[in-house]
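Notes for the structure review
Residues per chain, in single letters:
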Amino acid sequence: NADVPQEKERIEIKEVFQKHHVASKGTRYVFTKNQDNEIDGIISQIKQEMEENPEQYLEITVGQFFELFMNNMDDWWKKNQFTTWGLNKQFRKILSQILSSSMSGSNSGKSSSNKNKPSYSSVMNH
């Protein structure tokens, strides 16, 4: 079943999370079995986003998506919600913030219809 997180996806997400945690907090994040549900929740939400916008995410993996997510996440989240639980719980809010900020630069002043839906592709091309 494609919706069930794969072990390699869990490993990828943990590696990305760990790298950003060390960079931001200066400490390694300790994963326990308890985090598996949160990791799976993050993976499920990434897959849902990718399924809803397939043309924008053709070439990227779940891990690459999460890398972009972490790279573009507001510092406030890194200070206040930098746990697997926080990211899983706030995923949609953080994602919409990332997407709206990546669009605001290219779209300011123009009122456009929803055909220019924000996407990671606009973030990737910078």
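Note that the structure is a prediction, hence the values are computed from the model and not measured.

What follows deals with the packing of helix 1 (residues 7–25) against helix 3 (residues 62–72). Taken N-terminus to C-terminus, the directions of helix 1 and helix 3 make an angle of 20 degrees; their axes are 9 Å apart at the nearest point. Taken together, helix 1 and helix 3 sit at an angle that is classed as roughly parallel. Handedness of the helix 1/helix 3 crossing: right-handed. Within the contact between the two elements, helix 1 uses E9, E12, I13, V16, F17, K19 and H20 and helix 3 uses V62, G63, Q64, F66, E67, M70 and N71. For the contact of helix 1 with helix 3, the per-class residue count stands at six nonpolar, four polar and four charged.

A complete count under the given rule lists eight aromatic pairs for this structure. Look at W76 and W77: their rings are 5.0 Å apart centre to centre, the planes differ by 85 degrees, and that puts the pair in the edge-to-face class. What makes W76 partly exposed here is its relative accessible area of 46%. What makes W77 buried here is its relative accessible area of 6%. Three or more aromatic residues joined by ring pairs form one cluster here, namely F17, Y29, F31 and F82.

Cut-offs and rules
Residues numbered from 1 in each chain as written. Predicted model: local features only at pLDDT ≥ 70, side-chain atom pairs only at ≥ 80, totals over all residues. Heavy atoms only, no water. Axes fitted to C-alpha atoms, helices over the stretch in contact; angles between N-to-C directions. Helix = DSSP H or I, 4+ residues; strand = E, 2+ residues; numbered from the N terminus. Parallel < 35°, antiparallel > 145°, perpendicular 65-115°, else oblique. Left-handed = near helix turned anticlockwise from the far one by under 90°. Contact = heavy atoms within 4.5 Å. Nonpolar A, V, L, I, M, F, W, Y, C, P; charged D, E, K, R; others polar. Phe/Tyr/Trp six-rings, centres within 6.5 Å; stacked < 30°, edge-to-face > 60°. Buried < 20%, exposed > 50% of the residue type's maximum accessible area, 1.4 Å probe, protein only.

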